[in-house]
Amino acid sequence: MKTIRKVVRKMGDQNERIFAAAIYITSFFSTFVGPLIIWLLKKDDSSLVDFHGREYLNFLISYTIYLIGAGVLCIVLIGFLLLPVIGLLMTIFTIIGAIKAFDGQAYKIPFTIQFLKTV
């Protein structure tokens, strides 16, 4: 928890916060490539962008795994209930992540597996 507070204290200037929020916003248009390009270009310049880039990629990988699992569960019909719920959660958490990033705050997305360690 202390490491997250370090990112929050280093709120970053306006440009850093815009790039951090852009990671989430571009995901509505380009789920993987857009956020990845922003993160790769700006991760060395800003700890805030690096944090949110890693968090978004962890989120994307985790929820892709959940979607695949729900797709497999469509065989027993429960997947048809899970798929819309996962899609709705992905949309909500992406919007919250963009708002928190623009405010310069660290945001750990719920139910995310940490593949890339964040700060």
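Let me begin by describing the structure that accompanies this report. All values reported here derive from a predicted model rather than from experimental measurement.

Quick look at the overall build of the protein chain now. Looking only at helices and strands, one finds five helices and zero strands in the protein chain. The linear arrangement of helices and strands in the protein chain, starting from the amino end, is α-α-α-α-α. Taken over 119 residues, the protein chain has a buried fraction of 37%. In the protein chain, once contacts between residues fewer than 6 apart in sequence are set aside, the share between residues at least 24 apart is 70%. Carbon and sulfur atoms make up 72% of the accessible area of the protein chain, which amounts to about 6,900 Å² in all.

With that out of the way, let us pick up the pattern of salt bridges. When their charged atoms lie close together, side chains carrying opposite charge are able to pair. Scanning the entire structure with this criterion turns up two salt bridges. Asp-50 serves as the salt-bridge partner of Arg-54, at 3.1 Å between the closest nitrogen and oxygen. Pair noted here: Arg-54 and Asp-50 are both in helix H4 (residues 47-72), with a separation of four residues, about one helical turn.

Residue placement: Gly-69 occurs in helix H4. Residue Gly-69 is classed as partly exposed on the basis of its relative accessible area of 29%. Remark: the alpha-carbon pair of Gly-69 and Leu-83, spanning 14 residues in sequence, is separated by 9.3 Å.

The next subject is the packing of helix H2 (residues 14-26) against H4. At a closest axis distance of 8 Å, the pairing of H2 and H4 adopts a crossing angle of 10 degrees. If you check the angle between H2 and H4, you find them roughly parallel. Side by side, H2 and H4 meet where Glu-16, Arg-17, Phe-19, Ala-20, Ile-23 and Tyr-24 of the first sit next to Leu-48, Val-49, His-52, Gly-53, Glu-55 and Tyr-56 of the second.

As a further point, take the packing of aromatic side chains. Scanning the model with the defined rule gives five aromatic pairs in all. Taken together, a centroid distance of 4.8 Å and an interplanar angle of 50 degrees make the contact between Phe-59 and Tyr-63 tilted. In this pair, Phe-59 and Tyr-63 both sit in helix H4, four residues apart, roughly one turn of the helix. A single burial state applies to Phe-59 and to Tyr-63, both of which are buried. Summarising the aromatic geometry, the rings of Tyr-63 and Tyr-66 are spaced 5.2 Å apart at their centres and angled 75 degrees between planes, so their arrangement reads as edge-to-face. On the criterion of helical spacing, the pair formed by Tyr-63 and Tyr-66 is a turn pair, its members being three residues apart in helix H4. For Tyr-63, a relative accessible area of 2% corresponds to the buried category. By the ring-pair criterion, three or more aromatic residues cluster together here, those being Tyr-24, Tyr-56, Phe-59, Tyr-63, Tyr-66 and Phe-93. Sitting above the plane of the Trp-39 ring, Lys-43 keeps its charged end 4.8 Å from the centroid.

What counts and how
- Residues numbered from 1 in each chain as written.
- Predicted model: local features only at pLDDT ≥ 70, side-chain atom pairs only at ≥ 80, totals over all residues.
- Heavy atoms only, no water.
- Helix = DSSP H or I, 4+ residues; strand = E, 2+ residues; numbered from the N terminus.
- Buried < 20%, exposed > 50% of the residue type's maximum accessible area, 1.4 Å probe, protein only.
- Contact = heavy atoms within 4.5 Å.
- Areas by Shrake-Rupley, 256 points an atom, 1.4 Å probe, with all protein chains shown as cover.
- Salt bridge = Lys/Arg side-chain N within 4 Å of Asp/Glu carboxyl O.
- Axes fitted to C-alpha atoms, helices over the stretch in contact; angles between N-to-C directions.
- Parallel < 35°, antiparallel > 145°, perpendicular 65-115°, else oblique.
- Phe/Tyr/Trp six-rings, centres within 6.5 Å; stacked < 30°, edge-to-face > 60°.
- Lys NZ or Arg CZ within 6 Å of the ring centre and 35° of its normal.

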